[in-house]
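Descriptive structure summary
Single-letter residue listing:
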Amino acid sequence: KVYAVCMSLRLAGQWIWDSWFVKDQDVYHAFYLQASRALVDPNRRHRNVSVGHSISKDLINWTVVSDALAISDSPAFDSYTTWTGSVVRSEDGKWFMFYTGTSREDGGDIQSIGAATSNDLSNWTKLSNEALLRADERWYAKLDKSQWHDEAFRDPWVFRLPGESEWTMLTTAGSNEAKSRQEEAIMGVAKSKDLKNWQIQPPLGGPGQGFGETEVFQFEIVDGMPILLFCCGPQWLSEDRKAAGEIGGVYSMPVAADLSDVDFNRAVLFPDTSLYASRLVQDSKGGWNLIAFLNNVDGEFVG
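Note that the coordinates shown come from a computational prediction; the quantities given were computed from them, not determined experimentally. (Residues numbered from 1 in each chain as written. Predicted model: local features only at pLDDT ≥ 70, side-chain atom pairs only at ≥ 80, totals over all residues. Heavy atoms only, no water.)

Along the backbone of the chain there are one helix and 20 strands. For 303 residues, the compact-globule estimate of 2.2 N^0.38 gives 19 Å, and the C-alpha radius of gyration of the chain, at 18 Å, lies within 12% of that figure. The C-alpha extent of the chain, read off along each of the three principal axes, is 45 × 45 × 45 Å. Counting over 303 residues, the chain shows a buried share of 52%. (Helix = DSSP H or I, 4+ residues; strand = E, 2+ residues; numbered from the N terminus. Rg over C-alpha atoms; globule rule 2.2 N^0.38 Å. Buried < 20%, exposed > 50% of the residue type's maximum accessible area, 1.4 Å probe, protein only.)

Quick look at the sheet that holds strand 10 (residues 167-174) now. The four strands are arranged 9-10-11-12 in an open sheet whose pairing can be described as antiparallel. Since the sheet does not close on itself, it has two edges, and those belong to strand 9 (153-159) and strand 12 (198-204), each with one partner. Here the average twist between neighbouring strands, direction ignored, is 25 degrees. Note: strand 9 against strand 10, five bridges, orientation antiparallel. Opposite Phe-159, over in strand 10, you have Thr-168 as the bridge partner. (Pairing = 2+ DSSP bridges. Axes fitted to C-alpha atoms, helices over the stretch in contact; angles between N-to-C directions.)

So, on to unusual backbone geometry. For the bond running from Ser-74 to Pro-75, omega is 0 degrees, close enough to zero to count as cis. The topology assignment puts Pro-75 in the loop between strand 4 (63-69) and strand 5 (81-89). Located in the positive-phi region is Leu-259, a residue other than glycine, with phi close to 60 degrees. Of note, Leu-259 is situated in the loop between strand 15 (249-254) and strand 16 (268-269).

Moving on, we get to the sheet that holds strand 3 (residues 50-56). Sheet strands pair by backbone hydrogen bonding; their relative direction is either parallel or antiparallel. Here four strands make up an open sheet; going across it, the order is 1-2-3-4 and the pairing antiparallel. Every interior strand has two partners, whereas the edge strands, strand 1 (14-24) and strand 4, have only one. Neighbour-to-neighbour, the strand axes of this sheet turn through a mean angle of 30 degrees, independent of strand direction. As judged from the seven bridges shared by strand 2 (residues 27-36) and strand 3, these two strands associate in the antiparallel manner. Paired with Tyr-32 across the strands is Gly-52, a residue of strand 3.

One pass over the structure, following the stated rule, counts 15 salt bridges. For Arg-154, the salt bridge is made with Asp-155, and the minimal N-O distance between the two is 3.6 Å. Each member of the pair, Arg-154 as well as Asp-155, is classed as buried. A salt bridge links Glu-213 to Arg-181; the nearest nitrogen and oxygen atoms lie 2.5 Å apart. In this pair, Glu-213 sits in the loop between strand 12 and strand 13 (215-222) while Arg-181 sits in the loop between strand 10 and strand 11 (185-192), placing the two residues 32 residues apart along the sequence. Both residues of the pair, Glu-213 and Arg-181, belong to the buried class. (Salt bridge = Lys/Arg side-chain N within 4 Å of Asp/Glu carboxyl O.)

Encoded structure:
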């Protein structure tokens, strides 16, 4: 495939990284993680983050508008951070933004998922100070069982599978059966009929499939092919993938349309490894655009 790269959005005062998109009539809305460049060290951005918002009609020229989300006052599941999410529209026309939260009460080590709603994609009201979903210890690694420093359950991608009326949520998660950190990654799954009440399901994929952590999932059908898109950093790659020369980045892989066949061993690395946390967004002409943030270039974080 031939692809072209263009710079769409850069903010003078903020780093921006993970993003998610939705279209309302002829306007695209981009929501993204942002943090002040005054922090100096980009590694500090993760704990000093809010959700920014920009709009566009062509996915290239963007206008920055009012921020979408900030942290809640304690006590709350998101009193420390508001991280990556997705936006969908319910049958009654209300928009739902699902996002990741961490709390100051537990030192930010436990990731969980909550939601906010809006009538116009600009003014958001959080559903609750309590999380909607947390990792279920039947299948997912909790903080006391994780081989990492935190409890991974984040990056909710909400959508409907073809032919289904209920909603599906995919999340970053870790297996409680993994033998090592480099093989812990699995894909969390939850189902809902009303976007408010969720039932956590057994994971898809399994430990030992090449990754220690798989982030920012997206399911799409592109040119008739159902695929999963995700990303993985170099610190989470299996020894086999590192031995093959991979340094991490954006990955994609074919799956069954009902997600009945998920095998991360099939994942293929996107050629441009400077990109991370990508989203596939369909433009007004039906073409697909891969939108991601510039991660590291010549050893420096770009954001």
